[in-house]
Amino acid sequence: MSNDYEKSISGTVHYLLRIELPTNSTLHVNLLDITSADAPAKELAQQVIPHAETTGLDFNLLYQMGDVLPGHRYVIRARIETIEQVIFATTKDHAVELGVDHLRPEDVIVRNVRTKPDSNF
């Protein structure tokens, strides 16, 4: 059996402030391999959701099983930004186990940050 088939991991991004998102907010959700501290995280999947203020904060990331390696660490990172700035982002890595069937959606928390959209997170 080949490891080239896809699996998915889904969930919802939550922000804790009780405010409406600004118009034209965009949600970015990334699935990353962060195993190597000496190298940048390797992106396994990404989803960009424009107009998050009206479409919602649910995500579904598809990844290739061939990219999943034993002993590696995988996380979900998310951010919500406007044209001018990042307004919410994960401040702690949301660890996930890959290669399994996720019966419950992931709940990813983002916190208030105010930075330029081009900054890495």
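A look at the overall build of the protein chain
And step 1. Secondary structure assignment for the protein chain yields 1 helix and 8 strands.
And step 2. Each helix and strand of the protein chain, placed in order from N terminus to C terminus, yields the pattern β-β-β-α-β-β-β-β-β.
And step 3. A compact globule built from 121 residues would reach a C-alpha radius of gyration of about 14 Å, and the protein chain, at 15 Å, matches this within 12%.
And step 4. Seen through its C-alpha atoms, the protein chain measures out along the principal axes to roughly 45 × 30 × 20 Å.

Overview of the pattern of salt bridges
And step 1. All chains considered together, the criterion is met by 2 salt bridges.
And step 2. The salt bridge partner of D93 is R77, with a shortest N-O separation of 2.7 Å. One end of the pair, D93, is in the loop between β6 (86-89) and β7 (94-96); the other, R77, is in strand β5 (residues 74-81), with 16 residues separating them in the sequence.
And step 3. Taking the relative accessible area as the measure of exposure, D93 reaches 37% and is therefore partly exposed.
And step 4. For R77, a relative accessible area of 18% puts it in the buried group.

Section: the environment of D33
And step 1. By the element assignment, D33 lies in strand β2 (residues 26-33).
And step 2. Distance from D33 to Y74, taken between C-alpha atoms, is 4.6 Å for residues 41 residues apart in sequence.
And step 3. Among residues more than four places away in sequence, those in contact with D33 are A41, K42, L44, H72, R73 and Y74.
And step 4. Polar side-chain contacts of D33 include one of 2.6 Å to the side chain of T35.
And step 5. A polar contact of 2.6 Å, which involves the side chain of D33, links it to the side chain of H72.

Structural notes on the nonpolar core
And step 1. With 27 residues, the main nonpolar core has V13, L31, Y63, I76 and I80 as its most contacted residues.
And step 2. For this core, the element with the highest residue contribution is β5, accounting for 4 residues.
And step 3. If we skip the residues at most four places from it in the chain, I76 touches I9, V29, N30, L31, F59, L61, T90, H94, V96, E106 and V108.

Remarks on the pairing of β5
And step 1. Burial of β5 is extensive: 8 of the 8 residues sit out of reach of the surface.
And step 2. Taking every second residue as pointing to the same face, both faces of β5 are buried, with Y74, I76, A78 and I80 on one and V75, R77, R79 and E81 on the other.
And step 3. Relative to β5, β2 is paired through 8 bridges, and the arrangement is antiparallel. Following the sheet pairing, L27 is matched in β5 by I80.
And step 4. Both β5 and β7 contribute to a ladder of 3 bridges, which runs antiparallel. Looking at β7, one finds that I76 is bridged to H94.

Cut-off values and rules
- Residues numbered from 1 in each chain as written.
- Predicted model: local features only at pLDDT ≥ 70, side-chain atom pairs only at ≥ 80, totals over all residues.
- Heavy atoms only, no water.
- Helix = DSSP H or I, 4+ residues; strand = E, 2+ residues; numbered from the N terminus.
- Rg over C-alpha atoms; globule rule 2.2 N^0.38 Å.
- Salt bridge = Lys/Arg side-chain N within 4 Å of Asp/Glu carboxyl O.
- Buried < 20%, exposed > 50% of the residue type's maximum accessible area, 1.4 Å probe, protein only.
- Contact = heavy atoms within 4.5 Å.
- Polar contact = N/O pair within 3.5 Å; in protein donor to acceptor, adjacent residues only side chain to side chain.
- Core = buried A, V, L, I, M, F, W, Y, C linked by side-chain atoms within 4.5 Å.
- Pairing = 2+ DSSP bridges.

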